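Descriptive structure summary
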Amino acid sequence: MRDPKLREIDQRAFLRRLNPMLDVYAAAMEPPHEQIPGRHTIMERHAAYPGFRAFVVERRGALPVLTSPVQGFAYGFHGTRGQWWHDVVHQALSDLEGPEHAEAWLDDAFEVAELHVHPQAQGRGLGRTLLNALCEGRPERTVVLSTLDRRPDTPARNLYRSVGMVDLLSGFEFPGGGPPYAVMGGMLPLAPYASAPRRE
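Presented here is a report on the structure given in the accompanying data block. (Residues numbered from 1 in each chain as written. Predicted model: local features only at pLDDT ≥ 70, side-chain atom pairs only at ≥ 80, totals over all residues. Heavy atoms only, no water.)

Moving on, we get to the overall build of the chain. Per the secondary structure count, the chain includes 7 helices and 7 strands. Secondary structure of the chain in N-to-C order comes out as β-α-α-α-β-β-α-α-β-α-β-α-β-β. Within the span of the chain, comprising 200 residues, buried residues form 46% of the whole. Once local pairs closer than 6 in sequence are excluded, the contacts in the chain between residues at least 24 apart make up 70%. Surface summary for the chain: the accessible area is close to 11,000 Å², and the carbon and sulfur share equals 51%. Across the chain, the 22 positively charged side chains and the 24 negatively charged ones have centroids separated by 10 Å. (Helix = DSSP H or I, 4+ residues; strand = E, 2+ residues; numbered from the N terminus. Buried < 20%, exposed > 50% of the residue type's maximum accessible area, 1.4 Å probe, protein only. Contact = heavy atoms within 4.5 Å. Areas by Shrake-Rupley, 256 points an atom, 1.4 Å probe, with all protein chains shown as cover. Lys, Arg positive; Asp, Glu negative; His and termini not counted. Charge placed at Lys NZ, Arg CZ, Asp CG, Glu CD.)

Moving on: the pattern of salt bridges. According to the stated counting rule, one finds 11 salt bridges in the structure shown. Among the salt bridges present, the one from E58 reaches R7, with a minimum N-O distance of 3.5 Å. Taken together, the residues E58 in strand β2 (residues 53–59) and R7 in strand β1 (residues 4–9) connect sequence positions 51 residues apart. Between R141 and D107 there is a salt bridge, with the nearest N and O atoms lying 2.8 Å from each other. You can see R141 sitting in the loop between α6 (126–135) and β5 (142–148) and its partner D107 sitting in the loop between α5 (99–106) and β4 (109–117), a full 34 residues away along the chain. Assessed through its relative accessible area of 33%, R141 is described here as partly exposed. We classify D107 as partly exposed; its relative accessible area is 43%. Members of the salt-bridge network, linked through shared partners, are D149, R157, R161 and D167. (Salt bridge = Lys/Arg side-chain N within 4 Å of Asp/Glu carboxyl O.)

For the structure on display, the rule yields 7 aromatic pairs. Seen in terms of ring centroids, F14 and F52 are 4.9 Å apart; in terms of plane orientation they differ by 75°. Their pairing is edge-to-face. One end of the pair, F14, is in helix α1 (residues 11–16); the other, F52, is in the loop between α3 (36–46) and β2, and 38 residues separate them in sequence. One exposure class covers both F14 and F52, and it is buried. Ring geometry for W84 against F174: centres 5.7 Å apart, planes inclined by 35°, an arrangement best described as tilted. Pair noted here: W84 is in helix α4 (residues 84–97) and F174 is in the loop between β6 (166–172) and β7 (181–187), with a separation of 90 residues, a long-range link. (Phe/Tyr/Trp six-rings, centres within 6.5 Å; stacked < 30°, edge-to-face > 60°.)

Another aspect to go through is the packing of α4 against α5. Between two packed helices, the angle of one axis relative to the other and the distance separating the axes together describe the packing. In contact at an axis separation of 7 Å, α4 and α5 are set at 140° when each is read in the N-to-C sense. In terms of their interaxial angle, α4 and α5 are classed as oblique. Seen from above, α4 lies across α5 with right-handed handedness. Touching W85, H86, V89, H90, L93, S94 and E97 of α4 are P99, H101, A102, E103, W105 and L106, all from α5. (Axes fitted to C-alpha atoms, helices over the stretch in contact; angles between N-to-C directions. Parallel < 35°, antiparallel > 145°, perpendicular 65-115°, else oblique. Left-handed = near helix turned anticlockwise from the far one by under 90°.)

An ideal rise of 1.5 Å per residue puts 20 Å on 14 residues; α4 measures up with 20 Å between its terminal C-alpha atoms. Inspection of α4 places W85, H86, V88, V89, H90, A92, L93 and S94 among the buried residues, and these make up the whole buried set. For α4, the secondary structure elements touched by its buried residues are α5, β4, β5, β6 and β7. Just beyond α4, the residue with positive phi is G98, at close to 100°. (Expected span 1.5 Å × (residues − 1).)

So, on to α3. Within the span of α3, buried status applies to I36, M43 and H46. Viewed along the axis of α3, the buried residues span an arc of 75°, placing them on a single side of the element. (Arc of directions from axis to C-beta.)

In structure tokens, the structure reads:
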């Protein structure tokens, strides 16, 4: 079995991989099973958003009948008014610090919609590889995303902080219910990777 390979995929290739990507999403996020069809619809819609970009990490040589070759994926797009996440976060940031603060982060933002690595493939730097590839060369001024706010030192939170991202909102509950999220943002290009200080 060959090493995983990072690939940038276009909209058509993204749509062809929706089901295996959703399998990775489900394994990583453990959402209620009844939410998966809705997530499928959302991802289909995202593929048509402006500035859409996507990457997958695929394991070559896998047997499709036994396991999906997709080990991780990430995608994003240019955020604009009228997009649900953009509008909800813009309102929350405006309520917190004023509309100028919200505009500073969101008026020219690349929104990372999803970045997931299958639990069996985590711990190998694939998340960092996907994030760096996704953001490399983007024309936007900022990058923003939301991540589960289970605790402040999850691997995902640590990854985003290591490239210069900061918390914009914490313990944030999106309309419709669900667990709390942290909304994070950073400047583009991403800061060089800074490893966490070692504890003596």
